[in-house]
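# Observations on chain architecture
Here are the chains, one letter per residue:
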Amino acid sequence: MYELTKEQFDLQARARELAQTAFAPTAAETDRTEQYPWDNIAKLRDAGFMGMTLPKRAGGKGMSYLDAVIVVEEMAKACATMGRITVEANMGAIGAIATYGTPEQLNMAAELVLGGDKPAICISEPHAGSAASEMTTRADRKGDEYILNGEKYWITGGGVSNLHLIFARVFDDGVDQGVGAFICVRDRTPADQLVIGRRLYAMGVRGIPETHLEFRNLRVHKSMLVVPPGGLKRGFASLMNAYNAQRVGAGTVALGIAQGAFEEGMAYLKTREQFGRPIAEFQGLQWMLADMSTQLEAARLMLRHAAASGEHFPDIDKAARAKIMAAETANKVTNDALQFYGSSGYGRHNPMERHVRDARMFTIAGGTAQILRTQVASRLLNMKLPQTRDGYAAQAKP
Ligand SMILES: CC(C)(COP(=O)(O)OP(=O)(O)OC[C@H]1O[C@@H](n2cnc3c(N)ncnc32)[C@H](O)[C@@H]1OP(=O)(O)O)[C@@H](O)C(=O)NCCC(=O)NCCSC(=O)CCS(=O)O
Ligand SMILES: Cc1cc2nc3c(=O)[nH]c(=O)nc-3n(C[C@H](O)[C@H](O)[C@H](O)COP(=O)(O)OP(=O)(O)OC[C@H]3O[C@@H](n4cnc5c(N)ncnc54)[C@H](O)[C@@H]3O)c2cc1C
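Residues numbered from 1 in each chain as written. Chains lettered and ligands numbered in written order. Predicted model: local features only at pLDDT ≥ 70, side-chain atom pairs only at ≥ 80, totals over all residues. Heavy atoms only, no water.

### Things to note about the overall build of the protein chain
The number of helices and strands found in the protein chain is 14 helices and 10 strands. What you see for the protein chain is a C-alpha radius of gyration of 21 Å, in line with the 21 Å of a compact globule of 398 residues. Considered along the principal axes of its C-alpha atoms, the protein chain spans approximately 80 × 50 × 40 Å. Buried positions account for 55% of the 398 residues belonging to the protein chain. Nonlocal contacts in the protein chain, meaning residues at least 24 apart in sequence, comprise 73% of its contacts between residues at least 6 apart. Carbon and sulfur atoms make up 52% of the accessible area of the protein chain, which amounts to about 17,900 Å² in all. (Helix = DSSP H or I, 4+ residues; strand = E, 2+ residues; numbered from the N terminus. Rg over C-alpha atoms; globule rule 2.2 N^0.38 Å. Buried < 20%, exposed > 50% of the residue type's maximum accessible area, 1.4 Å probe, protein only. Contact = heavy atoms within 4.5 Å. Areas by Shrake-Rupley, 256 points an atom, 1.4 Å probe, with all protein chains shown as cover.)

Next up, the structure:
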């Protein structure tokens, strides 16, 4: 169904060449040091893989999300951190700004990303993770500016990203206008207004810091408020619609990590011998291998199908299903690949334990597997499925 074009095969080959020669050799060290891989990011930028989905009028390549996921899989197969960076440099914040933003906003964002900045998307709050619409970060209009106050958590790239897209509830004269997204550039902002909080040391994908962010009377000019075409009242829905692209990207990072573990595991089956023969000759392992490849192929097809769907952004339903499939496949496949190695897989000298750790985040970040199932069920049943205690009662009111 998703036969790649010649151009896409060429793109994949270019991405694979860079990923395998530059990023695979440094992946273990990136994991060990937990440092943001600035040198690799310069290579990613120079190869044109940052901002490739940006429109040509803004200096990008106008490439599709399907093109982008082809590249993301190759990056993630070599190094999970580089996979996630490729996602955020082409989807999420940058997609929302490119589609909903003013020319001024787009040009500013494009200059940063094409220059090598991985934007940060700031949605989740300590008391509003899955329940993201309950965010309490607020932006109060004061003259030509908005004053932002609040806190976000688990912000990927906190302290290294320059461009921030901050979701907040907007108030004019104290009246709630809905949800908008504010563009804030860290190196043009006082550090006591955009406060980089504590780092949350993570289980996997350790090359990117995850941090708290605080907004303490953060002043943002009104021209930096991204208002989707439906207005602020539909702002949350429209911004989450843009986020569907990053959901597909995140699923593709999971796929790439799992594909890498699978290929390494398959090679090991042919070299390790027990009972006087290669362990590849044991049917118990052959059937595991067959299941792994089946699951990977299913996840890949679903991700590509989702990436190519929708008008501006991938369809919510297809994105959710594909991410569930890819994230759960990645947990299973990386664990099974580790199993092929026996005790060697469990050792830190072997990359398998890193692959298992790297894969683990994707049933959590970007909408948990439970939340995404509820979104899918809501569309299957054609019912709103409010999750608050009084949600159904509120719906029933005349
Ligand atoms: C959407 C939720 C936060 C649930 O909140 P609510 O129950 O208040 O909201 P809903 O009624 O379900 O939705 C309101 C409105 O928005 C529309 N909507 C919601 N999500 C989407 C979407 N993905 N695409 C398009 N439209 C969307 C929805 O249809 C409603 O519209 P109508 O009023 O019906 O017309 C919750 O379900 C949720 O999604 N939680 C997860 C939050 C999340 O994904 N956070 C990601 C943070 S960034 C991150 O993790 C980065 C990591 S990475 O990328 O690796
Ligand atoms: C590595 C990583 C990177 C991240 N990067 C970013 C980022 O860059 N920007 C950003 O904004 N956020 C980011 N996040 C945050 C991420 O979006 C949230 O972790 C996620 O949305 C879940 O929120 P939570 O962690 O608060 O869990 P909670 O919402 O507290 O959920 C706890 C548990 O309850 C379950 N649950 C909650 N509600 C329901 C329900 N209604 N039905 C069934 N089960 C439910 C969840 O599935 C989960 O198992 C990141 C998270 C991680 C781990």
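### Observations regarding the domain arrangement of the protein chain
Along its sequence, the protein chain is organised into domain 1 (6-115), domain 2 (120-231) and domain 3 (236-381). For domain 1 and domain 2, the distance between their C-alpha centroids amounts to 23 Å. Domain 1 puts 24 residues into the contact, and the matching count from domain 2 is 25 residues. Both faces considered, domain 1 and domain 2 share a buried interface measuring about 2,100 Å² in area, 66% of it formed by carbon and sulfur atoms. Joining domain 1 to domain 2, the criterion identifies 1 salt bridge. For the salt bridge of Arg84 with Glu210, the shortest nitrogen-to-oxygen distance reads 3.0 Å. Taken together, domain 1 and domain 2 are joined by 7 residue pairs in polar contact (both at pLDDT 80 or more). Going through the elements one at a time, α2 (27-33), α5 (80-88), α6 (93-100) and α7 (103-114) are the ones with two or more residues in the side of domain 1 that touches domain 2. In terms of residue class, the side of domain 1 that touches domain 2 is made up of 13 nonpolar, 6 polar and 5 charged. (Domains from an automatic or database assignment. Buried area = accessible area lost by both parts, 1.4 Å probe. Salt bridge = Lys/Arg side-chain N within 4 Å of Asp/Glu carboxyl O. Polar contact = N/O pair within 3.5 Å; in protein donor to acceptor, adjacent residues only side chain to side chain. Nonpolar A, V, L, I, M, F, W, Y, C, P; charged D, E, K, R; others polar.)

### A few points about the site of ligand 1
Around ligand 1, 26 residues are found, and the nearest of them are Ser133, Asn244, Gln246, Arg247 and Gly366. Within the side chain of Ser133, an N or O atom sits 2.5 Å from an oxygen atom of ligand 1. A distance of 3.0 Å is found between an oxygen atom of ligand 1 and a side-chain nitrogen or oxygen belonging to Tyr243. A total of 1,100 Å² of accessible area belongs to ligand 1 in isolation, and the protein chains cover 76% of it. Contributions of two or more residues to the shell around ligand 1 are made by α8 (235-271) and α13 (369-381). Considering each element in turn, the shell around ligand 1 owes the most residues, 9 residues, to α8. Among the residues making up the shell around ligand 1, the classes are represented as 11 nonpolar, 10 polar and 5 charged. Residues from two domains meet in the shell around ligand 1; each of domain 2 (120-231) and domain 3 (236-381) gives at least three. (Near = heavy atom within 4 Å.)

### Some details on the UniProt feature "domain: Acyl-CoA dehydrogenase/oxidase N-terminal" (unreviewed entry) in the protein chain
In this numbering, the UniProt entry assigns the feature "domain: Acyl-CoA dehydrogenase/oxidase N-terminal" (unreviewed entry) to residues 5-105. For residues 5-105, the end-to-end C-alpha separation is 33 Å, with 67% helix and 0% strand making up the annotated structure. (UniProt positions renumbered as here; feature names shortened; annotations may be inferred.)

### Topic: the layout of surface pockets
To locate leftover empty space, one rolls a probe as large as a water molecule over the atoms. Counted as a void, the second largest pocket has a volume near 210 Å³. Thr53, Leu54, Gly62, Met63, Ser64, Tyr65, Ile94, Gly95, Ala98, Thr99, His312 and Phe313 together form the lining of the second largest pocket. Here the lining of the second largest pocket gets 4 residues from one element, more than from any other, and that element is α6. Grouping the amino acids of the lining of the second largest pocket by side-chain chemistry returns 6 nonpolar, 6 polar and no charged. (1 Å grid on protein atoms, 1.4 Å probe; cavity = no way out; pocket = protein on both sides within 12 Å on 5 of 7 lines; lining within 4 Å. Points joined across faces, edges and corners; volume = space filled by probe spheres on them.)

### Considering the UniProt feature "domain: Acyl-CoA dehydrogenase/oxidase C-terminal" (unreviewed entry) in the protein chain
Within this numbering scheme, the UniProt entry marks residues 234-381 as carrying the feature "domain: Acyl-CoA dehydrogenase/oxidase C-terminal" (unreviewed entry). The straight-line gap between the two end C-alpha atoms of residues 234-381 is 23 Å; of that span, 76% is helix and 3% is strand.

### Observations regarding the pairing of strand β3 (residues 145-156)
Bridging between strand β2 (residues 138-142) and β3 involves 5 bridges; their strand directions are antiparallel. If you follow Lys142 over to β3, its bridge partner there is Glu145. The turn linking β2 back onto β3 is made up of 2 residues, and Gly143 within it adopts a positive phi angle of 65 degrees. As defined by bridge partners, β3 adjoins strand β7 (residues 210-221) across 9 bridges and the pair is classed as antiparallel. Opposite Ile147, over in β7, you have Arg219 as the bridge partner. (Pairing = 2+ DSSP bridges.)

### Section: the site of ligand 2
Ser124, Ser130, Tyr153, Trp154 and Gln370 are the nearest of the 20 residues found near ligand 2. Within the backbone of Ile121, a nitrogen or oxygen atom sits 2.8 Å from a nitrogen atom of ligand 2. The contact in question runs from a nitrogen atom of ligand 2 to an N or O atom on the side chain of Thr156, over 2.8 Å. Coverage of ligand 2 by the protein amounts to 69% of the 970 Å² it exposes when considered alone. Among the domains, domain 2 (120-231) and domain 3 (236-381) are the pair contributing at least three residues each to the shell around ligand 2.

### Brief notes about α13
With 13 residues, α13 should cover 18 Å at 1.5 Å per step; its first-to-last C-alpha distance of 18 Å lies within 8% of that length. Taken as a whole, α13 has its buried residues at Ala369, Leu372, Val376 and Ser378. Where α13 is buried, its residues touch α8 and α10 (316-340). Phi turns positive, to about 55 degrees, at Asn382, one or two residues after α13. (Expected span 1.5 Å × (residues − 1).)

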